[in-house]
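Structural description and commentary
Chain residues, written in single-letter form:
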Amino acid sequence: MNTEQNQAGDWRSYLRQVTPYVPGEQPTEQNIIKLNTNENPYPPSPAVEKALKAMDPAKLRLYPDPTCGILTKGLAEYHGVGTDQVFVGVGSDDVLAMAFMTFFHSDRPIFFPDITYSFYPVWAELFRVPYETQAVDENFRLQSEDYHKENGGVIFPNPNAPTGLVEPLSFIEDILTHNRDVIVVVDEAYIDFGGVSALALLERYENLLVVRTYSKSRSMAGIRIGYAVGNAELIRAMQDVKYSFNSYTMNQAALELGAAALSDEAYFRAVTDKIAVTRDAAVKRLTEQGFYCLDSAANFIFAKHPKYEGEKLFTYLRQHGIYVRHFNGSRISQYLRITVGLDEEMERLYETLERAYGSL
Ligand code: PMP
């Protein structure tokens, strides 16, 4: 290229143009009831607090272990798999991005549902992976036959987001049996709140990757830990991509605290059970107020009120210090996605909604 002939400002035409994923708001004001990003309302396990206090700051002088040994080993033991079957990353977003980079290379489109985690199309665009969405039915359920057609890979969350609907193992197995020649990624960000994990299928399907996160059920969204479990060959391929990108993805604190969290199964069970109880009570209360709630297996509820616009309810709640999530997409713009909070936060939500009905 003859640089002398370039016009001033030409560099702009070389900028990468992408439409980014839009995360939920993280308000800085105090006293907000934050039910908008599916965080856990309870603190992490006391074992995490203990490990945090015991952390030696001198360790921060060194790079962290690039193999993420203590965390990988802890997770392998926790799930009863080999250490070579676990890949850890900076939240499951990082793990999913690595999975896109590692596994989705076909000229054929990858498949995911039309109503699902809105990061999937963003990664597909970023990594130039062709994709085709498969429409969920009128009840927002995935149709397994849609995934029988030829494709370049399959990814979906189970439970799905933002609907919270969970599919049984037989559904996942049906997709796996029809997709032996591509990688099938099951994003289990919310599985600890309901449903059966696809981890049970790993031994039989070498093309299955299960992705998990500490952000929801382990109350550790702020430390950023996600992981994938799959057969050793898949994990090795992901490691190769990771080491071609950034060797030190996980910081020292994440490694130590992530490992510590695994030691306290009783706390983990108590918190996830409690959230499921609050969720089921919330569905009842919202239904009594006239809401239609999808049957959630997650730590959030996807609900619409036949009489009030989703966006108006969202704005009213926001003005009254309660943040929930509202998506403008077709078929879902009437809905609110409400994260399950503390019981007292949920009470404030019901009261505020009652007042909204009087003024909207
Ligand atoms: N998958 C799904 C379905 C999600 O809703 C989220 C949360 N935004 C993630 C993955 C990513 O979560 P994290 O990066 O915090 O692990």
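Summary of the structure given here. (Residues numbered from 1 in each chain as written. Predicted model: local features only at pLDDT ≥ 70, side-chain atom pairs only at ≥ 80, totals over all residues. Heavy atoms only, no water.)

**Focus on the packing of aromatic side chains**
- For the structure shown, the criterion picks out 22 aromatic pairs.
- For the pair Tyr-21 and Tyr-117, a centre-to-centre distance of 5.6 Å together with 70 degrees between the ring planes defines the contact as edge-to-face. Here the residue Tyr-21 occupies a position in the segment before β1 (33-34), and Tyr-117 occupies one in the loop between β3 (110-113) and α4 (119-126), the gap between them amounting to 96 residues.
- Ring geometry for Tyr-117 against Trp-123: centres 6.3 Å apart, planes inclined by 75 degrees, an arrangement best described as edge-to-face.
- Judged by relative accessible area, Tyr-117 falls into the buried class, the value being 18%.
- Taking the relative accessible area as the measure of exposure, Trp-123 reaches 4% and is therefore buried.
- Every member of this aromatic cluster is reached through a ring pair, and the members are Tyr-21, Phe-100, Phe-104, Phe-112, Tyr-117, Phe-119, Tyr-120, Trp-123 and Tyr-131.
- The ring centre of Phe-268 lies 4.1 Å from the NZ or CZ of Arg-218, which sits over that ring. (Phe/Tyr/Trp six-rings, centres within 6.5 Å; stacked < 30°, edge-to-face > 60°. Helix = DSSP H or I, 4+ residues; strand = E, 2+ residues; numbered from the N terminus. Buried < 20%, exposed > 50% of the residue type's maximum accessible area, 1.4 Å probe, protein only. Lys NZ or Arg CZ within 6 Å of the ring centre and 35° of its normal.)

**Some words on the sheet that holds strand β12 (residues 335-339)**
- Pairing within the open sheet is antiparallel, and its three strands lie in the order β9-β10-β12. Looking at the sheet topology across the chains shown, the edges are occupied by β9 (292-293) and β12.
- With two bridges joining them, β9 and strand β10 (residues 300-304) adopt antiparallel strand pairing. Paired with Tyr-292 across the strands is Lys-304, a residue of β10. (Pairing = 2+ DSSP bridges.)

**Quick look at helix α8 (residues 265-288)**
- Taking 1.5 Å as the rise per residue, α8 with 24 residues should run 34 Å; its terminal C-alpha atoms sit 35 Å apart, in good agreement.
- For α8, the set of buried residues is Phe-268, Val-271, Thr-272, Ile-275, Ala-276, Thr-278, Arg-279, Ala-282 and Leu-286.
- Against α2 (69-79), β9, β10, β12 and α10 (343-359) lie the buried residues of α8.
- Downstream of α8 by one or two residues, Gly-290 has phi in the positive range, about 100 degrees. (Expected span 1.5 Å × (residues − 1). Contact = heavy atoms within 4.5 Å.)

**Details of the site of the ligand**
- Near the ligand lie 14 residues; those nearest to it are Ser-92, Asp-187, Tyr-190, Thr-213 and Ser-215.
- Note that an oxygen atom of the ligand is positioned 2.6 Å from one of the side-chain N or O atoms of Ser-92.
- Backbone polar atom of Asp-93 to an oxygen atom of the ligand: 3.0 Å apart, as the coordinates give it.
- Protein burial of the ligand: of its 400 Å² of free accessible surface, 92% is covered by the chains.
- With four residues, helix α3 (residues 91-103) is the largest single contributor of residues to the shell around the ligand.
- Looking at the shell around the ligand residue by residue, the class counts come to six nonpolar, four polar and four charged. (Near = heavy atom within 4 Å. Polar contact = N/O pair within 3.5 Å; in protein donor to acceptor, adjacent residues only side chain to side chain. Areas by Shrake-Rupley, 256 points an atom, 1.4 Å probe, with all protein chains shown as cover. Nonpolar A, V, L, I, M, F, W, Y, C, P; charged D, E, K, R; others polar.)

**Focus on the pairing of strand β5 (residues 154-157)**
- Side chains of β5 alternate between two faces, with Val-154 and Phe-156 and Ile-155 and Pro-157 buried alike.
- Judged from the four bridges that link them, β5 and strand β6 (residues 184-187) form a sheet pairing that is parallel. Bridge pairing in β6 links Phe-156 to Val-186.

**What about the nonpolar core?**
- One finds Phe-156, Leu-208 and Tyr-214 to be the most contacted residues of the largest nonpolar core, which totals 47 residues.
- If you tally residues by element for this core, the top one is helix α7 (residues 252-261), at five residues.
- Discounting residues that sit within four places of it in the chain, Leu-208 has contacts with Leu-176, Val-184, Val-186, Ala-198, Leu-201, Leu-202, Val-229, Gly-230, Asn-231 and Leu-234.
- Counting 32 residues, the second largest nonpolar core, distinct from the first, contains Tyr-190, Phe-193, Ile-301 and Leu-353. (Core = buried A, V, L, I, M, F, W, Y, C linked by side-chain atoms within 4.5 Å.)

**Digging into the pairing of strand β8 (residues 226-230)**
- Burial runs high along β8: five of the five residues are buried.
- Both faces of β8 are covered, namely the face carrying Gly-226, Ala-228 and Gly-230 and the face carrying Tyr-227 and Val-229.
- With four bridges connecting them, strand β2 (residues 86-89) and β8 associate as antiparallel partners. Among the inter-strand pairings, Val-88 is bridged to a residue of β8, identified as Tyr-227.
- Judged from the five bridges that link them, strand β7 (residues 208-213) and β8 form a sheet pairing that is antiparallel. When the bridges of β8 are listed, Thr-213 appears paired with Gly-226.

**Some thoughts on α3**
- An ideal rise of 1.5 Å per residue puts 18 Å on 13 residues; α3 measures up with 18 Å between its terminal C-alpha atoms.
- In terms of burial, α3 is a largely internal element, eleven of the 13 residues being buried.

**Some thoughts on the side chain of Ser-92**
- Structurally, the position occupied by Ser-92 is in helix α3.
- Under the relative-accessibility criterion, Ser-92 is labelled buried at 9%.
- Once you skip the residues sitting within four places of it in the chain, Ser-92 turns out to touch Val-211, Arg-212, Thr-213, Ile-225 and Gly-226.

**Quick notes on the side chain of Thr-272**
- Along the polypeptide, Thr-272 turns up in helix α8.
- With relative accessibility at 2%, the residue Thr-272 sits in the buried group.
- Polar contacts involving the side chain of Thr-272 include one to the main-chain carbonyl oxygen of Arg-269, which spans 3.2 Å.

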